[in-house]
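So you can see what is in the structure, the chains are spelled out below.
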Amino acid sequence: MTSKDVLNSTARLASYNVLLQVLFRVLTFVLNAFTLRFVSKEIIGVVNVRLTLLYSTVLFLAREAFRRACLSGGAEQNWTQIINLLWMTVPLGTVWALLLGWVWLRLLETPDPLSIPHYEFGVLVFGLSAVVELLSEPLWILAQAHMFVKLKVVVESVSIIMKCLFTVAMVIFAPHWGIYLFSLAQLLYTSVLLIFYFLYFIKFLGTQEAEKKSFPVLCIRDLFPKRIAHQALVNWRLARLTWSFFKQSFLKQVLTEGVYDIVNNLGSLVARFVFLPIEESFYIFFAKVLERGKSIGHQKREEVAMASSVLESLLKLVLLIGLTIMVFGYAYSHLLLDIYGGSLLSSGSGPGLLRVYCLYVLLLAVNGVTECFTFAVMSKEEVDRYNFVMLALSICFLCFSYFLTWWHGSVGFILANCLNMALRIAHSIHFIQRYFAPSTHRPLSSLRLSPILVLVFLASGLVTAFSEVIFCCDAGWLPRLVHIAVGAVCLLAVLICSFFTETKLVHFIRTQLLSMYSKKET
């Protein structure tokens, strides 16, 4: 597969992942609205916060490092060794599920058993669901590495829909089951995910299409661990790289990204819909096009040029989206919260929190792309050194959190995350500058905007802020609509200015991110 093919497949993968995130969020929102009519909000809260956090934490700690390590690299990979390594996610996930399950039940405060019965069963089944999902991890890695673009979207969409249908049926006919029904629905989701992945590969392996793609797995037995004659059971270079990424993932999850898991509100929707799919998809692109640990002088010239061009366009794209959210978020946070939750949300500290969170979204966007590239090309030794940087950043973050939270409560906590994210961006920018220094490529130039576009952003921010003071939000719906119209005109001005000043980005979006809608996949 050529670099151009990898880029086209990655762009389609990112687009499909965005659609999948939208489907998941819409279905979750509708499902929660429906189940509230039959099940108490306390039970839904425990499921959506405590049990889902347990499930996602087990998955993150068990598989994130393996994904980063095993999606890196070149044609010399021995897929039998990689599959053997990937199956280690299952016992590791089992250990994490047992350990975190004990923490959830013994160290954290448990809900009142009278209002939320069977909490222990929920912890057990959500932990089990994570382990069941890990059984499909080797298949997921194979699909991603070989650019099976639609497989993930189809399988996860079917699983989500079946989970929703099961939940609706159980809520209607057995609402008294409470946590039982949500736990069984989660187990059904992961089971369907596992079954469909295996069914696809059972059908695919041995076909002419598999031979045409030179697929490295020949039969279903090759998807399971096995010995290799005269070779190590696993690729120890990848195993050591996995360990380095694991240390990094542990620090990120426990110390430095609390707000991303905790503040699951309006401010984080764009981050989850747009930035996360871009980061996950283009990590695969950079890891396949550039060889990990090699200097730029030892890489193929055309692939370096393509990686630089893609990095430049991605940085520009997320920077413009993030700036738009920050500029317009300031003037429309109050209105958005008022529409979403009435005066209960808009009259307190909510608008201020959301405004600061819009700044965090901008930093989150830039950091996602810079770290996506950095982690894709770092050598094992560089990852190990970065882990010490992460430890130092974690200590700084805890200090920032203590003082800023004492100074300004929840706003201070988000500001601490902003400072932490800014330091991580600075480190990644320094790495990217050093990486491209021997070449003529300067992808970081995309962080500089056209002066005209900067002026349009500033003017839009001032006009919308002035509009908020005059029209929003206590004088009825007509002034609100005027305020919305002012924002729409300003947003249109930003889009038109971006179209004419950022022609390279427009070309990238047309030829890559939007090409999936005009071309039929072969």
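Refer to the structure above for everything that follows.
Residues numbered from 1 in each chain as written. Predicted model: local features only at pLDDT ≥ 70, side-chain atom pairs only at ≥ 80, totals over all residues. Heavy atoms only, no water.

Draft legend 1. Geometry of unusual backbone geometry. If you check the backbone angles, His118 has positive phi at about 65 degrees while not being a glycine. Relative to the helices and strands, His118 resides in the loop between helix 4 (89-107) and helix 5 (119-134). Taking relative accessible area as the criterion, His118 reaches 33% and is therefore assigned partly exposed. (Helix = DSSP H or I, 4+ residues; strand = E, 2+ residues; numbered from the N terminus. Buried < 20%, exposed > 50% of the residue type's maximum accessible area, 1.4 Å probe, protein only.)

Draft legend 2. Local environment of the environment of Ile484. Note that Ile484 resides in helix 18 (residues 477-501). For the pair Ile484 and Ala331, spaced 153 residues apart in sequence, the C-alpha to C-alpha distance is 10.0 Å. When neighbours within four sequence positions are excluded, Ile484 is seen to be in contact with Tyr332 and Leu335. (Contact = heavy atoms within 4.5 Å.)

Draft legend 3. Local environment of the pattern of salt bridges. Taken as a whole and judged by the stated rule, the model has 13 salt bridges. Between Lys316 and Glu502 there is a salt bridge; the shortest N-O distance is 3.4 Å. Within this pair, whereas Lys316 is found in helix 13 (residues 301-341), its partner Glu502 is found in the loop between helix 18 and helix 19 (503-513), the two being separated by 186 residues in sequence. (Salt bridge = Lys/Arg side-chain N within 4 Å of Asp/Glu carboxyl O.)

Draft legend 4. Summary view of the nonpolar core. With 150 residues, the main nonpolar core has Phe201, Phe215, Phe282, Phe285, Phe286, Val310 and Phe373 as its most contacted residues. No other element matches the 17 residues that helix 13 contributes to this core. Each residue touching Phe201, except ones within four places of it in the same chain, is listed here: Leu139, Leu142, Ala143, Phe148, Leu151, Phe215 and Leu223. (Core = buried A, V, L, I, M, F, W, Y, C linked by side-chain atoms within 4.5 Å.)

Draft legend 5. Fine view of the packing of helix 2 (residues 41-70) against helix 8 (residues 179-204). Two elements in contact, helix 2 and helix 8, have axes separated by 10 Å at closest approach and are oriented at 40 degrees. The angle between the axes of helix 2 and helix 8 places the two elements in the oblique class. Our pair here, helix 2 against helix 8, has a crossing hand that is right-handed. On the side of helix 2, the interface is formed by Ile43, Ile44, Val46, Val47, Leu51 and Tyr55, while helix 8 contributes Ile179, Phe182, Gln186, Tyr189 and Thr190. Residue classes in the contact of helix 2 with helix 8 are distributed as 9 nonpolar, 2 polar and no charged. (Axes fitted to C-alpha atoms, helices over the stretch in contact; angles between N-to-C directions. Parallel < 35°, antiparallel > 145°, perpendicular 65-115°, else oblique. Left-handed = near helix turned anticlockwise from the far one by under 90°. Nonpolar A, V, L, I, M, F, W, Y, C, P; charged D, E, K, R; others polar.)

Draft legend 6. View of the packing of helix 15 (residues 350-377) against helix 16 (residues 380-436). Interaxial distance between helix 15 and helix 16 falls to 9 Å at its minimum, and their mutual angle equals 20 degrees. Classified by the angle their axes make, helix 15 and helix 16 are roughly parallel. As helix 15 runs across helix 16, the sense of the crossing is left-handed.

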